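Letter by letter, the chains look like this.
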Amino acid sequence: MKRILVVGGGLIGSRHVDAVLAHEGCELVGLVDPDMSIAPHVPRFASMKHAPDDVDGVIIATPTGLHGAHGLEAAMRGWHMLIEKPVAETLDEAEALQAAVFAADVGSLVGHHRRYHAPVQQLKFLLAEGAIGTVVAANLIWAMRKPDAYFQGNWRTAGGSPVMINLVHDIDILRFVVGEIAQVSALARHRFARFRADRKRRCRTFVRKWSNWHDQLCGHHSKPVGL
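None of the values given here were measured: they were computed from a predicted structure.

Per the secondary structure count, the chain includes five helices and 10 strands. Residue burial in the chain is summarised as follows: out of 227 residues, 40% are buried. Within the chain, contacts between residues at least 6 apart in sequence are counted, and of these 57% link residues at least 24 apart. If you sum the accessible surface of the chain, you get close to 12,900 Å²; carbon and sulfur atoms cover 58% of it.

A few words now on the side chain of R3. You can see R3 is positioned in strand β1 (residues 2–7). A polar atom in the side chain of R3 sits 2.6 Å from the backbone oxygen of D54. In contact with R3, not counting residues within four places along its chain, are E27, V29, P52, D54, V55, D56 and G57.

Glancing now at the packing of aromatic side chains. Under the counting rule described, the total for this entry stands at zero aromatic pairs. If you follow K124 out to its NZ or CZ, it ends over the ring of F176, 4.6 Å from the centre.

Taken as a whole, this structure holds six salt bridges when the rule is applied. In this structure, R3 and D54 form a salt bridge, with 3.4 Å as the shortest nitrogen-oxygen distance. With a gap of 51 residues between them, R3 in strand β1 and D54 in the loop between β3 (44–45) and β4 (57–60) connect regions that are remote in the sequence. Connected through salt bridges with shared partners, the residues R115, D172, R175 and E180 form a single ionic network.

Taken over all residues, the pLDDT of the chain has a mean of 84, while the share at 70 or more is 80%. Every residue in residues 220–227 scores below 50 in pLDDT, and together they form 40 contacts with partners more than four places removed in sequence or on other chains.

About the thresholds
Residues numbered from 1 in each chain as written. Predicted model: local features only at pLDDT ≥ 70, side-chain atom pairs only at ≥ 80, totals over all residues. Heavy atoms only, no water. Helix = DSSP H or I, 4+ residues; strand = E, 2+ residues; numbered from the N terminus. Buried < 20%, exposed > 50% of the residue type's maximum accessible area, 1.4 Å probe, protein only. Contact = heavy atoms within 4.5 Å. Areas by Shrake-Rupley, 256 points an atom, 1.4 Å probe, with all protein chains shown as cover. Polar contact = N/O pair within 3.5 Å; in protein donor to acceptor, adjacent residues only side chain to side chain. Phe/Tyr/Trp six-rings, centres within 6.5 Å; stacked < 30°, edge-to-face > 60°. Lys NZ or Arg CZ within 6 Å of the ring centre and 35° of its normal. Salt bridge = Lys/Arg side-chain N within 4 Å of Asp/Glu carboxyl O. pLDDT = per-residue confidence, 0-100.

Below, the structure written as structure tokens:
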């Protein structure tokens, strides 16, 4: 029986709480969140420092800007961790967390769950076996539409917005099935929508060179509801 602590009681963190409770091989140590009104049916802690030490693993599902600090604290306490994507808000924070994980000799995993979807696993296998030929390029046009409430009055409006929070899923799938990224170039354009001056359309183009010399062109266009 693995003792699991969940940090962050938002949309995704609450789902993790339910998943741990439903898993016969896990015991929920509790939920860490400063809002003590969330999930009153489970043990609650206002911060990680109040949680007991006998934790086998921690699921970090806090806003992106807190991932680095919470991951460092988990590593210092010797806890294995699952961190929701993206792993950190900045490269410096990610590298500091990586060093702490190695120093503490704990396991870590970023929550790129789409790697485990059956079609993605099958695609990776077919490419690795050469069953559908050799990859020479990959083109991705990515579009996202979220309700206004998804971004209003919360942390999602900063720290990368749709690119780090949403597009990162598809970038990771390309990394998983094609290979690691060796080089990136990017162009970005922002222009105000015609009828909604308080909303922006965002267009970006990325060119990535993979470690196995494949090139990939990625176009990204995000548009809020109502435009």
